[in-house]
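A look at the structure
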Amino acid sequence: ETVSLAEALDITGVEVHGTEIDGRVIDGRERVRLEVQYDAYRDVKDINLAVCIRRSDGVACCTARTRFAGLRIDLPLGRGRVSVDFEAPALATGSYFAEAELLDSTDTLALKSGPSRSDWFMVRGRGRVCDHEAGVFEPVTHWHRPTPMGVPVSDVETPAPHAF
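What counts as what
Sequence positions are assigned chain by chain, starting from 1 and proceeding in written order. Note on the predicted model: pLDDT of at least 70 is required for a residue's local features to be given, and 80 or more for side-chain atom pairs to be given and counted; whole-chain, interface and lining totals, by contrast, use all residues. Values reported for side chains reflect all heavy atoms of the structure, with hydrogen atoms and water molecules removed beforehand. In DSSP terms, a helix is any run of H or I states spanning at least four residues, a strand is any run of E spanning at least two, and both are numbered starting from the N terminus. Only protein chains enter the accessibility calculation, which uses a 1.4 Å probe; a residue is then buried when its area is under 20% of its type maximum, exposed when over 50%, and partly exposed in between. In this description, contact between two residues means that some pair of their heavy atoms is separated by no more than 4.5 Å. Working definition of accessibility: Shrake-Rupley area with a 1.4 Å probe, residue cover restricted to the visible protein chains. Residues grouped as a nonpolar core are buried Ala, Val, Leu, Ile, Met, Phe, Trp, Tyr and Cys residues, joined through side-chain atoms within 4.5 Å. Two strands pair if DSSP finds at least two bridges between them. Axis definition: a line fitted to C-alpha atoms, over the contacting stretch in the case of helices. Angles run 0 to 180 degrees between N-to-C directions. For Phe, Tyr and Trp, where Trp contributes only its six-membered ring, two rings pair if their centres lie within 6.5 Å, and the inter-plane angle classes them as stacked under 30 degrees, edge-to-face over 60, or tilted in between. By definition here, charges over rings are those cases where NZ of Lys or CZ of Arg is within 6 Å of the ring centre and within 35 degrees of the ring normal.

What follows is about the overall build of the chain. Counting its regular elements, the chain contains 1 helix and 11 strands. Ordered by position in the sequence, the α and β elements of the chain form the string α-β-β-β-β-β-β-β-β-β-β-β. The buried share of the chain, reckoned over its 164 residues, is 34%. Excluding contacts between residues fewer than 6 apart, the proportion of contacts in the chain whose partners are at least 24 apart in sequence is 70%. Counting every atom, the chain has about 10100 Å² of accessible surface; 52% of that belongs to carbon and sulfur.

Judged by nonpolar contacts, the single largest core of 31 residues is most densely connected at L34, I47, I53, L75 and Y96. Listed by contribution, the elements that provide at least two residues to this core are β1 (9–18), β4 (32–40), β5 (44–55), β6 (60–65), β7 (73–75), β8 (78–86), β9 (94–103) and β11 (121–124). Setting aside its immediate chain neighbours within four residues, L75 contacts L9, Y38, A40, R42, D43, V44, I47 and V82.

For the rest of this paragraph, the subject is the sheet that holds β1. Spatially, the 3 strands line up as an open sheet ordered β1-β4-β8, and their pairing is antiparallel. Each end of this open sheet is capped by a strand with a single partner; those strands are β1 and β8. Between one strand axis and the next, the sheet turns by 20° as a mean value, whatever way the strands run.

Counted by the stated rule, this structure contains 2 aromatic pairs. On the basis of an interplanar angle of 75° and a centroid distance of 5.0 Å, the ring pair of F97 and W120 is categorised as edge-to-face. Residue F97 is located in strand β9, and its partner W120 is located in the loop between β10 (116–117) and β11; the two are separated by 23 residues in the primary sequence. On the accessibility criterion, F97 (5% relative accessible area) is buried. Its relative accessible area of 44% is what places W120 among the partly exposed residues. The ring of F97 carries the charged tip of R117 above its face, separated from the ring centre by 3.7 Å.

For β5, a buried count of 9 out of 12 residues is recorded, marking the element as mostly surrounded by other parts of the structure. Sheet topology note: the β5/β7 ladder contains 2 bridges and is antiparallel. In the strand pairing of β7, I47 is matched with I73. For β5 and β6, the ladder comprises 5 bridges, and the chain directions are antiparallel. Each residue of the ladder has a partner; that of R54, found in β6, is A60. Following β5, the chain reverses through 4 residues before pairing antiparallel with β6; G58 in that reversal takes a positive phi of roughly 95°.

Dropping the structure here:
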């Protein structure tokens, strides 16, 4: 009897790891690792994994997909994990959760009825508060002082990047 892909594996956990400031508060200026744990009941070849960090109101803040990274996923029989690092995702201060979803080889068909979620985690970003209008991330920016028209921006002293 052939076992379908959906029956051949389960996501058993989604964990978020980062530089903790205190308890479950993660420093949003440092690397964040999402770890997806799975059980494979047989060898599973050529599938894709999608992960997403969502803000407390459900807005997707950042995503990663193995297909876009050119990574082919083959899961051997047994328990294992796949992880992805987000280099300083610059998330705004607030509450978040992570999702993971296993997809077929075409990266279009979910192998399970819904994604698996992590526990809630807090991020401390640069800002003091985050609300639904604060945006989903805080990009690294370089502001330039006002310059008269006709004067190149490069000729004006540029302040250091905004410090965290």
